[in-house]
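# Breakdown of the fold
Here is how the chains run, residue by residue.
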Amino acid sequence: MKFSIPKDFLWGGAVAAHQLEGAWQEGGKGPSIADVMTAGANGVSRQITKGIQADKYYPNHEAIDFYHHYPEDIKLFAEMGFKCFRTSIAWARIFPRGDEAEPNEAGLHFYDKLFAECHKYGIEPVITLSHFEIPYHLVEKYGGWRDRQLIDFFVHFATVVFKRYRHQVKYWMTFNEINNQTDYTERFLMATDSGLVLDDDDPQREALMYQAAHYELVASALAVKVGHQINPNFEIGCMINMTPLYPATSKPVDIFQAQKAMQRRYWFADVQALGTYPRHMEAFLAANNLRDDITAEDRITLREGTVDYIGFSYYNSMTVAAQKDNPEFHFVGPEAIQENPYLKASDWGWPIDPLGLRFALNWLEDHYHKPLMIVENGLGAKDEVTADKQIHDDYRIAYLKAHIQAMEDAIEKDGVPVIGYTPWGCIDLVSAGTGQMSKRYGFIYVDRDDQGNGTGKRLKKDSFYWYQKVIKTNGQDL
Ligand code: P53
């Protein structure tokens, strides 16, 4: 057996509809949760406002106006040699309120055109169904995923787009970073994952999170089942954020804490890949009276709707230490997170750890034995445009080079089956966490600032030519 990068490896890039499309009210689109999020900054959280307020700035409303620029942008992706392009379908373009019976034809038509444009260059679309963009009406009327009816609305949406694009799209993912909400103390993560907009000290927040997550997992499994009926060749994955949790020391209690922290963060993938809740979670949920609404039928659905592959994002590792010699916990809060003295961090404080990606790939292979797709990875950094319109982003090249090398080591030396790599924000876009434009990930620079000023013009960075060479040599020349 030869362990090397497959010839048909899916090199590409990743984005999400709400972070680049803009045109938030065009083509009949309704507002989504992303449309009520203001701009934050490094260390300043985004606010989630009640409805849209006239005196506030919402960076996703216009974003980089991909809605009107997509032919030009996809042409640039093709020039880099992309084999695939990961984006999401904005749910509120297809169902502006989320609970309608009939879809919005203008929204469907936009993605017909977008996918046709991709295929013109032999680029395979890789589509996330729900990427932090639940229709806002579902948040207001039903309180987001706390309501079981959301399962029906989501499955209806999935069915409509699976049918419409059954010959245009082969690779799908259900919920983006479904496990972010594991940290239920973060308002932002609860809102983006589950449309749960709660007060900081809501005593129900942990219970709401586990119940909402359960409904999402059932909806995900139903979507997998329906998708395979519509086209048996569909490859439908889950999508988790993979942040390996390292023990701070070799003290047994720290090691055990790190193990518990991993359990608390990755059980979502156990359910989606293996079809059942792991026993440690059943024990935890029972002991804490959480997730009380689970039916026998739900359990069958979960078993029948397991995913074909594991999609995951990897940006960094984290390091944890036991609190007061007590590793039992609900969730690892900031007090347990330690700085890792062996790692440098990005300007936004995210540790940089390429070997952590190889660790993550090995860990996921050990647990699930399914094909893996790295659907996000990258460095958010400030870029400077020189007088002659160049962007010398050697820091971004260094980050990506080290991570691709770690991925290749995992494939070649550890035998891990990786089918694709789509670095995040292949064109500069609005940061999910901060709402900034200045936290840039792209190979393509977009002239737009944190207040929404700029021409919107696209420029190729040095990393554009570097990634072009990586794809051309199938990862041999880094
Ligand atoms: P930004 C939290 C933790 C890890 C990844 O993030 C996260 C988040 C939410 O911010 O988001 C993923 O833009 C997500 C993308 C996001 C990207 O990582 O905060 O799937 O939508 O843009 C990078 O720097």
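For the structure given in this document, a descriptive report is provided here. (Residues numbered from 1 in each chain as written. Predicted model: local features only at pLDDT ≥ 70, side-chain atom pairs only at ≥ 80, totals over all residues. Heavy atoms only, no water.)

### Some thoughts on the overall build of the chain
Each helix and strand in the chain was counted, giving 14 helices and 13 strands. On C-alpha atoms alone, the chain measures out to a radius of gyration of 21 Å, which is about the 23 Å that the 2.2 N^0.38 rule sets for 478 residues. Counting over 478 residues, the chain shows a buried share of 61%. When contacts within the chain are restricted to residue pairs at least 6 apart in sequence, those whose partners lie at least 24 apart make up 74%. For the chain, the accessible area works out to roughly 18,700 Å², and carbon and sulfur atoms hold 50% of it. Within the chain, one finds 49 positive and 65 negative side-chain charges whose respective centroids are separated by 3 Å. (Helix = DSSP H or I, 4+ residues; strand = E, 2+ residues; numbered from the N terminus. Rg over C-alpha atoms; globule rule 2.2 N^0.38 Å. Buried < 20%, exposed > 50% of the residue type's maximum accessible area, 1.4 Å probe, protein only. Contact = heavy atoms within 4.5 Å. Areas by Shrake-Rupley, 256 points an atom, 1.4 Å probe, with all protein chains shown as cover. Lys, Arg positive; Asp, Glu negative; His and termini not counted. Charge placed at Lys NZ, Arg CZ, Asp CG, Glu CD.)

### Section: the environment of isoleucine 419
Here isoleucine 419 shows up in strand S11 (residues 418-421). The class of isoleucine 419 is partly exposed, set by a relative accessible area of 25%. When sequence neighbours within four positions are dropped, the list of residues in contact with isoleucine 419 reads Phe9, Leu10, Tyr171, Tyr309, Pro371, Leu372 and Met373.

### Let's talk about the side chain of threonine 49
Within the element layout of this structure, threonine 49 appears in the loop between helix H1 (17-20) and helix H2 (66-80). Here tyrosine 58 takes part through its side chain, which lies 2.8 Å from a polar atom of the side chain of threonine 49. Dropping the residues within four chain positions of it, threonine 49 is found in contact with Val36, Thr38, Lys56, Tyr58 and Tyr136. (Polar contact = N/O pair within 3.5 Å; in protein donor to acceptor, adjacent residues only side chain to side chain.)

### Notes on the side chain of lysine 29
Mapped onto the secondary structure, lysine 29 falls in the loop between H1 and H2. Accessibility expressed as a relative area gives 12% for lysine 29, which makes it buried. Setting aside anything within four residues of it in sequence, one finds lysine 29 in contact with Ala23, Trp24, Asp35, Ala92, Arg93, Pro96 and Asn104.

### Let's talk about the pairing of strand S5 (residues 235-241)
Of all seven residues in S5, six are buried; the element is thus mostly enclosed. Examined bridge by bridge, S5 and strand S7 (residues 309-313) share five bridges and lie parallel to one another. Of the residues in S7, the one forming a bridge with glycine 237 is tyrosine 309. (Pairing = 2+ DSSP bridges.)

### Some thoughts on the packing of aromatic side chains
As enumerated under the stated definition, the model contains 36 aromatic pairs in all. Here the aromatic rings of tryptophan 466 and tyrosine 467 are separated by 6.3 Å at their centres, their planes lie at 25°, and the arrangement is stacked. A residue is classified by how much of its surface remains accessible, and tyrosine 467, at 0% relative accessible area, is buried. For the cation-ring pair, arginine 264 lies above phenylalanine 284, with the distance from its terminal atom to the ring centre recorded as 3.9 Å. Looking at arginine 291, its charged tip hangs above the ring of tyrosine 277, at a distance of 4.5 Å from the centre. (Phe/Tyr/Trp six-rings, centres within 6.5 Å; stacked < 30°, edge-to-face > 60°. Lys NZ or Arg CZ within 6 Å of the ring centre and 35° of its normal.)

### Some details on the environment of phenylalanine 82
With respect to the helices, strands and loops of the structure, phenylalanine 82 is situated in the loop between H2 and strand S2 (84-88). Looking at phenylalanine 82, the relative accessible area reads 3%, which means it is buried. With 72 residues separating them in the primary sequence, phenylalanine 82 and leucine 10 have C-alpha atoms 7.9 Å apart. Discounting residues that sit within four places of it in the chain, phenylalanine 82 has contacts with Trp11, Gly12, Gly13, Phe77, Ile123, Cys426, Tyr467 and Ile471.

### What to know about the sheet that holds strand S8 (residues 318-320)
The three strands are arranged S6-S8-S9 in an open sheet whose pairing can be described as mixed. Taken across any chain shown, the strands that pair with only one partner, and hence form the sheet edges, are strand S6 (245-247) and strand S9 (337-338). As paired strands, S6 and S8 are joined by three bridges and run parallel to one another. Note on S8: the bridge partner recorded for proline 247 is valine 320.

### Side note on the site of the ligand
Around the ligand, 17 residues are found, and the nearest of them are Gln19, Glu376, Ala432, Lys439 and Tyr441. Taking histidine 131, its side chain carries an N or O atom lying 2.9 Å from an oxygen atom of the ligand. Here an oxygen atom of the ligand and a side-chain polar atom of serine 431 are 3.1 Å apart. Considering the ligand on its own, with 480 Å² of exposed area, one finds that the protein chains cover 91% of that surface. For the shell around the ligand, the class distribution of residues is seven nonpolar, seven polar and three charged. (Near = heavy atom within 4 Å. Nonpolar A, V, L, I, M, F, W, Y, C, P; charged D, E, K, R; others polar.)

### Concerning the sheet that holds strand S10 (residues 372-376)
Overall, parallel pairing links the eight strands, which are arranged S1-S2-S3-S4-S5-S7-S10-S11 in a closed barrel. Sheet twist, expressed as the mean angle between neighbouring strand axes with direction ignored, is 30°. Two strands pair when backbone bridges link them, and S10 and S11 are joined in this way by three bridges, in the parallel orientation. Across the sheet, the residue bridging to isoleucine 374 is tyrosine 421, located in S11. Seen against the sheet, helix H4 (residues 105-120) touches S2 and strand S3 (124-130) and runs at an angle of roughly 150° to S3. (Axes fitted to C-alpha atoms, helices over the stretch in contact; angles between N-to-C directions.)

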